[in-house]
Amino acid sequence: MIVLKFGGSSVGNAERIDGVISILIDSYINKKKKIAVVFSAFQGVTDKFIEIGKLAFQRKLSYKAEIEQLIERHYDTAFRLNPTSMHEQIVENLDRLFDDLKEVTHGVYLVRELSPRTLDYIQSFGERLSNTIIAESLCNRGVEAEYLDASSLVKTNSEFGNAKVNFPVTNKNIAQHFKKHNKVQIITGFISSTEKNEITTLGRGGSDYTASIFGAALNAGAIEIWTDVDGILTADPRKVKEAFSLKSVTYEEAMELSHFGAKVIYPPTMLPALQKKIKIVIKNTFNPSHPGTEIIEKSSSEKMLIKGISSIDDISIIRVQGGGMVGVTGVAGRLFTVLARHGINIILITQASSEHSICLAVLPKFGEHAKKIIESEFKLEIIEGKIGEVVVEDELSIIAVVGEKMRHTIGVAGKVFNALGKKGINIIAIAQGSSELNISLVINKNNLTKALLSIHKDLLARLK
Ligand code: ADP
Ligand code: ASP
Ligand code: MG
């Protein structure tokens, strides 16, 4: 069994979907390979649903026109992919979903309430619509395919917007379902549900994760993530034109690169695959003959000390400092606990060995909030002068240089600093995990592109 996943960019319009169907038929079905296929919502549709929810919440009637446009887009795509004789049936199937959507958005409009739970429900229409259309289109091309709403099998807690999977229950559900269903399953990515059957989502970009969840539960031979680039590249191709595709990376390297901004794969995707040692292959829907990138246990890209650089463009730094912190145990522990309790994710931590200051990187939306929380947690220490004012700095970016072979290799960090130094780029903070898999640097946002280009040129370009 191979579990494939096609992202929004691969299913942006009817022509692209037609191309995907041809890949499935020519390379898998005709070759008698057993497959299950996960699809995302059509390109841009999840964003549109979020916008619609917010418009309704703000009592802006324009949300209705936005829904009409989405209806048109889905009808139009479905009609182009299927013979006229099927159109009536398709309208009937899609209208069932659109009627629900209209009802829930009307509710949001009336009661002026858009909870994370309702927003997840609204977003779930994206995947339900795309997969309904694609399953139907596959059947009409002669494939024995069947729509599968993954939310009935993938069970999570109720952390709406970023739900955590209950693997024992989910794995059992998936195994049981596949025992009874022999047709090619066309699976909605991204969506899941709680114990009480309320719809949840797995986080933006979560369809990759769905593929990995199914792949691991079914002990698949491979999980293939089909997207719009030739695999994982040495850097974000939108920022570094010279970036080139990597033959292979390890699960850990892929996790680090994606955690620090490489959008090509959603970070949690690696975990279920890693546990079962199932390889993940990233392939290009628009260049299917390219081998893409394999994510495996041991990478064979021999000479590459570093595999890639990624970046988070917008971060804020929170600096907690003061003479009274030196030698006091528990400051870091209290900091992390209090931020975690408020749902604030820490991207990076550095502490000078003098213990005089701790520096945390968070997303800018959390900056001021985090400052307030920390100041309240350390109220007494601040009054006593042990800890100074908590400082937030904005307009910063993080660059992460990633590669397993950096471990036990002297001089990589030096080369990175040199690449920045010679361009006059100031490094505000540095962190290196003890695994030595990743060196992260905080710099001013206006230096980001220059920094990426310089590091790529000095450390990666000549390895191509
Ligand atoms: P999909 O719709 O298939 O899920 P995404 O837009 O989520 O696709 O992810 C693919 C995009 O990730 C690429 O088009 C590319 O611009 C971006 N990207 C960022 N960093 C990298 C990288 N290191 N390697 C490859 N792609 C990257
Ligand atoms: N459609 C969802 C999103 O846009 C999931 C995905 O594309 O992977 O985030
Ligand atoms: Mg994606």
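Predicted, not measured: the structure shown is a model, and the values here were computed from it.

Asks: Give me the sheet that holds strand β9 (residues 279-284): which residues, what numbers.
Replies: Strand order in this open sheet of eight strands is β3-β4-β2-β1-β7-β9-β10-β8, and the pairing throughout is mixed. In the strand order of this sheet, the two ends are held by β3 (145-148) and β8 (248-250), each with one partner. Averaged over all adjacent pairs, the angle separating strand axes in this sheet is 20°, with direction ignored. Relative to strand β10 (residues 293-296), β9 runs antiparallel, the two being bridged by three bridges. Across the sheet, I282 pairs through a bridge with T293, a residue of β10. Against the sheet, helix α6 (residues 167-180) makes contact with β2 (35-39), β3 and β4 (184-188), and its axis sits at roughly 145° relative to β4, the strand it touches most. Where helix α7 (residues 207-217) meets the sheet, its contacts fall on β1 (2-6), β2, β3, β4 and β7 (222-227), and the angle it forms with β1 comes to roughly 170°.

Asks: Before we move on, can you summarise the site of ligand 1 with the specific residues and values?
Replies: Taken together, 18 residues form the shell around ligand 1, and within it T227, D228, L233, R238 and K263 come nearest. K5 is positioned with one of its side-chain polar atoms (N or O) 3.2 Å from an oxygen atom of ligand 1. Backbone polar atom of S9 to an oxygen atom of ligand 1: 3.2 Å apart, as the coordinates give it. Expressed as a share of its isolated accessible area of 570 Å², the protein-covered part of ligand 1 is 89%. Split by residue class, the shell around ligand 1 holds eight nonpolar, five polar and five charged.

Asks: If you had to explain the site of ligand 2 to someone new, which residues and values would you point to?
Replies: In the neighbourhood of ligand 2, the contacting residues comprise S40, T46, E127, F190, R204, G205, G206 and S207. Between ligand 2 and the protein, one listed contact pairs a nitrogen atom with a side-chain N or O atom of T46 at 2.8 Å. One of the backbone N or O atoms of G206 is found 3.4 Å from an oxygen atom in ligand 2. Coverage of ligand 2 by the protein amounts to 85% of the 270 Å² it exposes when considered alone. Among the residues making up the shell around ligand 2, the classes are represented as one nonpolar, five polar and two charged.

Asks: Account for the packing of helix α4 (residues 84-111) against helix α5 (residues 116-140), with residues named and values stated.
Replies: When two helices pack together, their arrangement is captured by the angle between the axes and the distance separating the axes. Between α4 and α5, whose axes approach to 10 Å, the crossing angle comes to 175°. In terms of orientation, α4 lies roughly antiparallel with respect to α5. In this structure, α4 uses M86, I90, N93, L94, L97, F98, D100, L101, V104, T105 and V108 to contact α5, whose residues at the interface are T118, Y121, I122, F125, R128, L129, T132, I133, E136 and N140. Within the contact of α4 with α5, the residues separate by chemical class into 13 nonpolar, five polar and three charged.

Asks: Report on unusual backbone geometry, specifying residues and quantitative values.
Replies: We note that K32 has phi near 60°; this positive angle belongs to a residue other than glycine. Tracing the backbone through its elements, the reader meets K32 in the loop between α1 (14-29) and β2. Since its relative accessible area comes to 76%, K32 is described here as exposed. In this structure, E395 takes a positive phi of about 60° despite not being glycine. The residue E395 is located in strand β14 (residues 391-402) in this model.

Asks: Describe in detail the sheet that holds β14, supporting the description with residues and values.
Replies: Taking strand neighbours across the sheet as the criterion, the six strands line up as β12-β13-β11-β14-β16-β15 in an open arrangement whose pairing is antiparallel. Edge positions in the sheet fall to β12 (348-351) and β15 (429-432), since each of these pairs with one other strand and no more. If you compare each strand with its neighbour and ignore which way they point, the axes differ by 30° on average. One ladder, built from nine bridges, connects strand β11 (residues 308-321) with β14; its direction is antiparallel. Within β14, the position partnered with I317 by the bridge is E393. Packing against the sheet, helix α13 (residues 412-421) makes contact with β14, β15 and β16 (438-444), and its axis sits at approximately 20° to β16. Relative to the sheet, helix α14 (residues 448-460) contacts β11, β14 and β16, its axis offset from that of β11 by approximately 125°.

Asks: Which residues make up helix α8 (residues 251-259), and what values do they have?
Replies: Those residues of α8 lying buried are Y251, E253, A254, M255, L257 and S258. G261 lies just past α8 and shows a positive phi near 110°.

Asks: Outline the pattern of salt bridges, listing residues and values.
Replies: The full count for this structure, using the stated rule, is 22 salt bridges. Between K445 and D314 there is a salt bridge; the shortest N-O distance is 3.0 Å. Taken together, the positions of K445 in the loop between β16 and α14 and D314 in strand β11 put the pair 131 residues apart, joining distant regions of the chain. Residue D314 is classed as partly exposed on the basis of its relative accessible area of 34%. A salt bridge links R334 to E377; the shortest N-O distance between them is 3.0 Å. In this pair, R334 is assigned in helix α10 (residues 331-341) and E377 in helix α11 (residues 367-377), connecting sequence segments 43 residues apart. Note on R334: relative accessible area 30%, which makes it partly exposed.

Cut-offs and rules
- Residues numbered from 1 in each chain as written.
- Chains lettered and ligands numbered in written order.
- Predicted model: local features only at pLDDT ≥ 70, side-chain atom pairs only at ≥ 80, totals over all residues.
- Heavy atoms only, no water.
- Pairing = 2+ DSSP bridges.
- Helix = DSSP H or I, 4+ residues; strand = E, 2+ residues; numbered from the N terminus.
- Axes fitted to C-alpha atoms, helices over the stretch in contact; angles between N-to-C directions.
- Contact = heavy atoms within 4.5 Å.
- Near = heavy atom within 4 Å.
- Polar contact = N/O pair within 3.5 Å; in protein donor to acceptor, adjacent residues only side chain to side chain.
- Areas by Shrake-Rupley, 256 points an atom, 1.4 Å probe, with all protein chains shown as cover.
- Nonpolar A, V, L, I, M, F, W, Y, C, P; charged D, E, K, R; others polar.
- Parallel < 35°, antiparallel > 145°, perpendicular 65-115°, else oblique.
- Buried < 20%, exposed > 50% of the residue type's maximum accessible area, 1.4 Å probe, protein only.
- Salt bridge = Lys/Arg side-chain N within 4 Å of Asp/Glu carboxyl O.

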